[in-house]
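These are the residues of each chain, in order.
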Amino acid sequence: MTTRILNTDDPQAYVQAVAEAVNLLQAGEVVALPTETVYGLAADALNANAVAKIFEVKERPSFDPLIVHLPHKKDLEDVADVPEDILPVVKKLAEKFWPGPLTMILPKKACVPDIVTAGMPTVAVRASMNRVFNKVARTFDRPLAAPSANKFGSISPTSAAAVKAELDGRIPLILDDGASLHGVESTIVKIEAASPKPRIIIMRPGPITQDDLKPYGVVVLLKNLKQENKPEAPGLLESHYAPRTPLRLLESPEDFIPEEGKTYALLSYRGDADDGYADLTEWKGVHVLSPGKGKLVEAAVRLFYALRELDKVGADEIIAEPVPTQGVGLAVMDRLRRASAKR
């Protein structure tokens, strides 16, 4: 199979690219589409045979559920049965954050195939704000299942080139809309009725932060990060988002003791020697997430790109500095912890 990349940077190319993607989706195929988080591998969410191709292409285990992306936020009732006791907060969250990088786990309707939800009674749902994904979804006019467009467990792609490097020859089409806006996957939440405010459980941290969610309920972080056998949402496996090169997340510079004969690469937060990491050894390669000022939003955007680049330098191990666990930094640390977990 030949994998083509179609650009969307001028109006005529945009229209042609969307039309080709929709034609493939209507034929039950998979296509790689940009989202504001990472690039996704999309298929008709209501077509079990099409969704099966996602699992085949990604080599993804069937117990790991997918996110369903809606053409319009008003289409939520087509795929989910929202209980009356949480309906008000679901509506408020959808109104505030959709389209955008917030995924809600809700009871599913029978039309959603079990392969999408890994046989669970709930479905993860969101609506993308990316102009290309949004246009494809609305033209197709059906919900799309779309996990990250990479082989299972590896680094999520934030560009069309990264998708091609992962899935070349496995899929027919990639639509290119440049680099992803946020660079890490959506925030996933589960909502529980409670008094006086509903509980909003963050299952997977992402661009929508705890502070963003606080006006809508009592925000709780999922404590059980290891969900190996039956994860309730995507991205909750202990080992995930990992480069081929072993990665170690250090809590402090003092934890690093180099082994004789081994080479190391550094994933640095600010690239500042005062942080204590830059001068620990003769690094084979260094990538800095947010040079100088240490902006967490910039660190999130650059995270997966930097990991891919460090994966190419041929080091024996990648050493990662920690970042502050505030705002989107919580999502960056979540990805680094999973990337460093033993497979």
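Our structure's up above, just so we're on the same page.
Here the structure is a predicted model, which is why all the values come from computation and not from measurement.

(A) The arrangement of the overall build of the protein in detail. What the protein contains, in helices and strands, is ten helices and 15 strands. Taking 2.2 N^0.38 as the reference for a compact globule, 343 residues should give roughly 20 Å; the C-alpha atoms of the protein span a radius of gyration of 20 Å, in line with that estimate. Its C-alpha atoms give the protein principal-axis dimensions of about 60 × 55 × 35 Å. Relative to all contacts within the protein whose residues are 6 or more apart in sequence, the contacts with residues 24 or more apart total 68%. As displayed, the protein offers around 14,500 Å² of accessible surface, 50% of which is attributable to carbon and sulfur atoms. Averaging the coordinates of the 42 positive side-chain charges in the protein and doing the same for the 46 negative ones gives two points 4 Å apart.

(B) Here's a closer look at helix α10 (residues 329-340). Look at α10: 16 Å from first C-alpha to last across twelve residues, which is about the 16 Å you get at 1.5 Å a residue. By the criterion of burial, α10 is predominantly enclosed, with ten of the twelve residues buried. Looking at α10, one finds that the buried residues are Gly329, Leu330, Ala331, Val332, Met333, Asp334, Arg335, Leu336, Arg338 and Ala339.

(C) Summary view of the sheet that holds strand β13 (residues 264-268). Spatial strand order, β12-β15-β13-β14: four strands in an open sheet with parallel pairing. Two strands bound the open sheet, and with one partner strand each, they are β12 (247-249) and β14 (285-288). Ignoring which end each strand starts from, the neighbouring axes of this sheet average 20 degrees apart. Of the pairings in the sheet, the one linking β13 to β14 comprises four bridges and is parallel in character. The residue bridging serine 268 from the neighbouring strand is valine 288, located in β14. Against the sheet, helix α9 (residues 296-311) makes contact with β12, β13, β14 and β15 (317-320), and its axis sits at roughly 175 degrees relative to β14, the strand it touches most. In this fold α10 packs onto β12, β13 and β15, with an angle of close to 130 degrees to the strand it touches most, β12.

(D) Just the packing of aromatic side chains, in detail. A full pass over the atoms with the stated rule returns four aromatic pairs. Judged by centre distance (5.0 Å) and plane angle (85 degrees), the ring pair of phenylalanine 256 and tyrosine 264 falls under edge-to-face. When sorted by exposure, phenylalanine 256 lands in the same class as tyrosine 264, which is buried. An aromatic cluster of three or more residues is present, and its members are Phe256, Tyr264 and Trp283.

(E) Geometry of the nonpolar core. With 48 residues, the main nonpolar core has Leu76, Leu93, Trp98, Leu102, Met104, Ile171 and Leu213 as its most contacted residues. Discounting residues that sit within four places of it in the chain, leucine 93 has contacts with Trp98, Leu102, Met104, Ile191, Ile200, Leu213 and Tyr216. Leu296, Val328, Ala331 and Val332 belong to the second-largest nonpolar core, a separate cluster that totals 27 residues.

(F) Examining the packing of α9 against α10 more closely. Between α9 and α10, whose axes approach to 9 Å, the crossing angle comes to 30 degrees. Taken together, the axis directions place α9 and α10 in an arrangement best described as roughly parallel. As α9 packs across α10, the resulting crossing turns out to be left-handed. Contact residues: Leu296, Ala299, Ala300, Leu303 and Phe304 in α9; Gly329, Val332, Arg335 and Leu336 in α10. Per-class residue counts for the contact of α9 with α10 are seven nonpolar, one polar and one charged.

(G) Structural detail: the pairing of strand β6 (residues 122-126). Among the five residues that make up β6, five are buried, leaving the element largely enclosed by the rest of the structure. What you see with β6 is no split at all: Thr122, Ala124 and Arg126 on one side and Val123 and Val125 on the other are buried throughout. In the sheet, strand β4 (residues 67-69) pairs with β6 via three bridges, with the strands oriented parallel. Residue pairing across strands places histidine 69 opposite arginine 126, the latter belonging to β6. Pairing geometry for strand β5 (residues 102-107) and β6, over four bridges, is antiparallel.

Thresholds, definitions, all that
- Residues numbered from 1 in each chain as written.
- Predicted model: local features only at pLDDT ≥ 70, side-chain atom pairs only at ≥ 80, totals over all residues.
- Heavy atoms only, no water.
- Helix = DSSP H or I, 4+ residues; strand = E, 2+ residues; numbered from the N terminus.
- Rg over C-alpha atoms; globule rule 2.2 N^0.38 Å.
- Contact = heavy atoms within 4.5 Å.
- Areas by Shrake-Rupley, 256 points an atom, 1.4 Å probe, with all protein chains shown as cover.
- Lys, Arg positive; Asp, Glu negative; His and termini not counted.
- Charge placed at Lys NZ, Arg CZ, Asp CG, Glu CD.
- Expected span 1.5 Å × (residues − 1).
- Buried < 20%, exposed > 50% of the residue type's maximum accessible area, 1.4 Å probe, protein only.
- Pairing = 2+ DSSP bridges.
- Axes fitted to C-alpha atoms, helices over the stretch in contact; angles between N-to-C directions.
- Phe/Tyr/Trp six-rings, centres within 6.5 Å; stacked < 30°, edge-to-face > 60°.
- Core = buried A, V, L, I, M, F, W, Y, C linked by side-chain atoms within 4.5 Å.
- Parallel < 35°, antiparallel > 145°, perpendicular 65-115°, else oblique.
- Left-handed = near helix turned anticlockwise from the far one by under 90°.
- Nonpolar A, V, L, I, M, F, W, Y, C, P; charged D, E, K, R; others polar.

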